[in-house]
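These are the residues of each chain, in order.
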Amino acid sequence: MDVLNPMTYDAEEDQLRDRTKYSQMDKHIIPVEFQQQPVSTGTTIVAVEYDGGVIIGADTRTSAGTFVMNRFTDKLTPLTDQIFCLRSGSAADTQAIAQVVTYQLDFLSAEMNEPPLVRIAANCVRRMIYQYRDDFLAGMIVAGWDKKLGGQVYSCPLGGLLVRQPVTLGGSGSTYIWGYLDNNYRPNMTKDECYDFVLKGITLAITRDGSSGGCARIAIINKDGVERIDVLGNDLPKVFDL
Amino acid sequence: MGDDILSYNGGVALAMKGKECIAIACDKRYGVQNRTIATNFTKIFQYSDHCFVSFCGLATDVQTVSERLKFRTNLYELREQRKLKPNVLYNMLTNLLYERRFGPYFVFALVVGLDPKTGETFIYDSDNIGAVSDNVNLATVGTASEYIFGLGELFFKPNMNADELFEATSQALLNGVDRDSASGWGAVVYVIEKDKITVRELKGRQD
């Protein structure tokens, strides 16, 4: 057990959590064909900072096992007017977190009489994930714009970590595009270059990952507000035809 | 995706009857649980001039069962000196599968055929241990089979001609696989008539 570099994921504990989570009787009573898999946004989420704001993007598939429950989900959830969170993991868990944090930030902005900082929003999300780390399955990215530091992207993965990164990926589909990121991301890209980077990354992940699919939803957040762009299936950029 | 062995690789196939013609279609995905590895893995195999079989399920068994069936059909054709009929092929397949009743192959099968002289059409389907079915109008197998069944029932009309049949089959397949993350990534449709067989590859959503 390495104290300085603790494991962020323990497979045995995860299985134990699974065994105690749902009713044990389900396994014995319900035939395996009817046992429902938990709904997850097995997903691809991308966020990147540029000079003046952030560009965030996600695919649009929500699945329960192999069944696609929603082909046009919106995984870009606003926490405030200029701060968004990207959700990956269990759909129920991430929706609950987003709801609670939206309330907390609303209350905070009434107290402070100014919009909350992105770091504060990210910390609220991180606090919830850390507090319920044994129960939640939520990997989130919080990104937005505030007056103090401009565009920021914070990553809040499974165990309850908070780290600011200039570019970050999340979700099951992200594993297929880390290489693409390493090869194609450069610091200080322009807004259009960042947009192309995000869109191409999501398209590549959609093509390979079974849990990601549908269309790409992208949002550009800067001092002027939020611009949302939905890129439908046939408008996605062409990638190598497998 | 859980540890359901029949959805480990994914895949789906559909067969529909028309007037003296048959259509059989399958998707082209080869994947391992979430990850898509190739999009050129078709699951339809030809065993005679007008007899086709499609296997869906565990990919290794798709390959093995199709090859073992080919072995038996080759010997049949050599011994009997005649081509296979669809119901004979179906019997051979179900026998092959039942031989492994207590350690089965993980494939579900669709057998389709046409008698070129009389125009009589055959569609049979089988589970992985060789349960026989009647000669049906519409059959699907695979991870997205329930979704495609619904659409197939909607688009099916009795006595369709080859073009209408192609449209109905492709629309049912392409839209059904949109609801399944383990199938899709393109499709191939065979339309079998008395005098010709038309193969069409469909593009579909690559997600």
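The name recorded for chain B in an unreviewed UniProt entry is Proteasome subunit beta, from Adineta ricciae. Turning to chain B, the UniProt annotation filed under Subunit (unreviewed entry) states: "Component of the proteasome complex."

Taking an unreviewed UniProt entry as the reference, chain A is identified by name as Proteasome subunit beta belonging to Adineta ricciae. Among the UniProt annotations of chain A, the heading Subunit (unreviewed entry) holds the following wording: "Component of the proteasome complex." Here chain A is described in UniProt, under the heading Catalytic activity (unreviewed entry), as follows: "Cleavage of peptide bonds with very broad specificity."

This paragraph deals with the overall build of chain A. The helix and strand tally for chain A stands at 6 helices and 13 strands. Out of the 242 residues belonging to chain A, those deemed buried represent 48%. Considering only contacts in chain A between residues 6 or more positions apart, those separated by 24 or more positions represent 62%. By element, 54% of the accessible surface of chain A is carried by carbon and sulfur atoms, the whole surface being about 12,800 Å².

Let's shift gears to the sheet that holds strand 13 (residues 225–231) of chain A. Residues and elements named next belong to chain A. Read from one edge of the open sheet, 5 strands run 11-2-3-12-13, paired in antiparallel fashion. A strand with exactly one partner marks an edge of an open sheet, and here the two such strands are strand 11 (167–170) and strand 13. Strand-to-strand twist in this sheet, taken as the mean axis angle between neighbours without regard to direction, amounts to 15°. Where strand 12 (residues 216–222) meets strand 13, 7 bridges bridge the pair, whose relative direction is antiparallel. Residue pairing for strand 13: Ala 219 is matched across the bridge by Arg 228.

Let's shift gears to the confidence of the model for chain B. Confidence in the prediction for chain B averages 95 pLDDT; 99% of positions are at 70 or higher. For this predicted complex, the interface confidence comes out at an ipTM of 0.80, alongside a pTM of 0.83.

Contacts between the two partners involve 24 residues from chain A and, on the opposite side, 19 residues from chain B. Between chain A and chain B lies a buried interface of about 1,800 Å² when both sides are counted; carbon and sulfur atoms form 41% of it. Summed over the shared surface of chain A and chain B, the result is 2 salt bridges. With a shortest N-O distance of 3.5 Å, Arg 61 of chain A and Asp 207 of chain B are connected by a salt bridge. Taken together, chain A and chain B are joined by 12 residue pairs in polar contact (both at pLDDT 80 or more). Going through the elements one at a time, strand 5 (67–70) and helix 6 (191–208) of chain A are the ones with two or more residues in the side of chain A that touches chain B. Of the residues in the side of chain A that touches chain B, the class split is 7 nonpolar, 12 polar and 5 charged.

A separate point is the packing of helix 1 (residues 59–80) of chain B against helix 2 (residues 86–98) of chain B. Residue and element names in this part refer to chain B. Following both chains from N to C, one finds helix 1 and helix 2 inclined at 130°, their axes separated by 10 Å at the closest point. Taken as axis vectors, helix 1 and helix 2 run oblique relative to one another. By crossing handedness, the relation of helix 1 to helix 2 is classed as right-handed. For the pair helix 1 and helix 2, the contacting residues are Val 65, Arg 68, Leu 69, Arg 72, Thr 73 and Tyr 76 in the first and Val 88, Leu 89, Met 92, Leu 93, Asn 95, Leu 96 and Leu 97 in the second.

Attention now goes to the UniProt feature "active site" (unreviewed entry) in chain A. Residue and element names in this part refer to chain A. What UniProt calls "active site" (unreviewed entry) maps, in this numbering, to Thr 43. Here Thr 43 lies in the loop between strand 1 (39–41) and strand 2 (45–50). Overall, the relative accessible area of 0% leaves Thr 43 in the buried class. A distance of 2.5 Å separates polar atoms of two side chains, one belonging to Thr 43 and the other to Lys 75.

Next up on the list: the pattern of salt bridges. Under the defined criterion, the tally for this structure stands at 17 salt bridges over all chains. Put simply, Glu 193 of chain A and Arg 186 of chain A hold a salt bridge, and the shortest N to O gap is 3.3 Å. Using a relative accessible area of 43% as the deciding quantity, one classes Arg 186 of chain A as partly exposed. The partner of Glu 77 of chain B in a salt bridge is Lys 83 of chain B, and the shortest N-O contact between them spans 3.8 Å. Within the structure, one salt-bridge network assembled from shared partners comprises Asp 74, Arg 217, Arg 228 and Asp 230 of chain A.

With that out of the way, let us pick up the sheet that holds strand 10 (residues 187–193) of chain B. Residues and elements named next belong to chain B. Read across the sheet, 5 strands follow the order 9-1-2-10-11 without closing on themselves; strand pairing throughout is antiparallel. Of all strands in the sheet, those bounded by a partner on one side alone are strand 9 (138–142) and strand 11 (197–202). The sheet shows a mean angle of 10° between the axes of neighbouring strands, taken without regard to direction. Pairing of strand 1 (residues 12–17) with strand 2 (residues 21–27) involves 5 bridges; the strand directions are antiparallel. Each bridged residue has a counterpart across the sheet, and for Ala 15 the counterpart in strand 2 is Ile 24. Strands in contact with helix 3 (residues 145–155) are strand 1 and strand 9; relative to strand 9, the strand with the most contacts, it is inclined by about 160°.

Reading the values: rules and limits
Residues numbered from 1 in each chain as written. Chains lettered and ligands numbered in written order. Predicted model: local features only at pLDDT ≥ 70, side-chain atom pairs only at ≥ 80, totals over all residues. Heavy atoms only, no water. UniProt positions renumbered as here; feature names shortened; annotations may be inferred. Helix = DSSP H or I, 4+ residues; strand = E, 2+ residues; numbered from the N terminus. Buried < 20%, exposed > 50% of the residue type's maximum accessible area, 1.4 Å probe, protein only. Contact = heavy atoms within 4.5 Å. Areas by Shrake-Rupley, 256 points an atom, 1.4 Å probe, with all protein chains shown as cover. Pairing = 2+ DSSP bridges. Axes fitted to C-alpha atoms, helices over the stretch in contact; angles between N-to-C directions. pLDDT = per-residue confidence, 0-100. Buried area = accessible area lost by both parts, 1.4 Å probe. Salt bridge = Lys/Arg side-chain N within 4 Å of Asp/Glu carboxyl O. Polar contact = N/O pair within 3.5 Å; in protein donor to acceptor, adjacent residues only side chain to side chain. Nonpolar A, V, L, I, M, F, W, Y, C, P; charged D, E, K, R; others polar. Parallel < 35°, antiparallel > 145°, perpendicular 65-115°, else oblique. Left-handed = near helix turned anticlockwise from the far one by under 90°.

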